[in-house]
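Observations on the three-dimensional arrangement
Chain residues, written in single-letter form:
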Amino acid sequence: MALPSGRCDKRIRKQAVVELVRPDVLEPREAAVVQNVSARGVRVATEQTWRPGDNVLLSSPESGFRTQARVVYCQRLENNRFAIGLELSTPPGEWAKAL
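Just so you know, these numbers come straight off a predicted model, no measurement behind them.

Evaluated as defined, the whole model comprises five salt bridges. Between E87 and R70 there is a salt bridge; the shortest N-O distance is 2.8 Å. Of this pair, E87 sits in strand β6 (residues 82-88) while R70 sits in strand β5 (residues 66-76), and the two are 17 residues apart along the sequence. Given a relative accessible area of 36%, E87 falls into the partly exposed group. Within this structure, R22, R51 and D54 form a network of salt bridges that share partners.

Further remarks concern the nonpolar core. In this structure, L20, V42, V44, L58 and L86 are the most contacted members of the largest nonpolar core, which totals 16 residues. Put simply, the parts of the chain that give this core at least two residues each are β1 (12-22), β2 (25-37), β3 (41-46), β4 (55-59), β5 and β6. Filtering out sequence-adjacent residues up to four positions away, V44 remains in contact with V18, L20, A32, V33, V34, Q35, L58, F82, A83, I84 and L86.

So, about the packing of aromatic side chains. Going through the model one piece at a time under the given rule, you end up with zero aromatic pairs. R22 extends its terminal NZ or CZ atom over the ring of W50, reaching a point 3.8 Å from the ring centre.

Turning our attention to unusual backbone geometry. Positive phi outside glycine occurs at N79, with the angle close to 55 degrees. Tracing the backbone shows N79 in the loop between β5 and β6. Its identity as a non-glycine residue notwithstanding, N80 has a phi of 55 degrees, on the positive side. Among the structural elements, N80 can be located in the loop between β5 and β6.

Definitions and limits used
- Residues numbered from 1 in each chain as written.
- Predicted model: local features only at pLDDT ≥ 70, side-chain atom pairs only at ≥ 80, totals over all residues.
- Heavy atoms only, no water.
- Salt bridge = Lys/Arg side-chain N within 4 Å of Asp/Glu carboxyl O.
- Helix = DSSP H or I, 4+ residues; strand = E, 2+ residues; numbered from the N terminus.
- Buried < 20%, exposed > 50% of the residue type's maximum accessible area, 1.4 Å probe, protein only.
- Core = buried A, V, L, I, M, F, W, Y, C linked by side-chain atoms within 4.5 Å.
- Contact = heavy atoms within 4.5 Å.
- Phe/Tyr/Trp six-rings, centres within 6.5 Å; stacked < 30°, edge-to-face > 60°.
- Lys NZ or Arg CZ within 6 Å of the ring centre and 35° of its normal.

Here it is, written out as structure tokens:
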């Protein structure tokens, strides 16, 4: 029997470049890569470390999608990169399908 992962939504593998901005510091913007999308959030590969609870503005320059998000987790990856889980305030909906 598989152990529960704590996730309740199905993940869809996606790759797209997005921009992350800390709301209290409008510059610099960070380009990041979406790894997967769910009904309520995204997993993004980034070069900066983020703390759970941090607020972030996420935007997709290609599609024009913008939303506020909250960092749920930050996991260290190889090559001084990080994966962050973002809970979006606006469901990704059509934006996720267009990726």
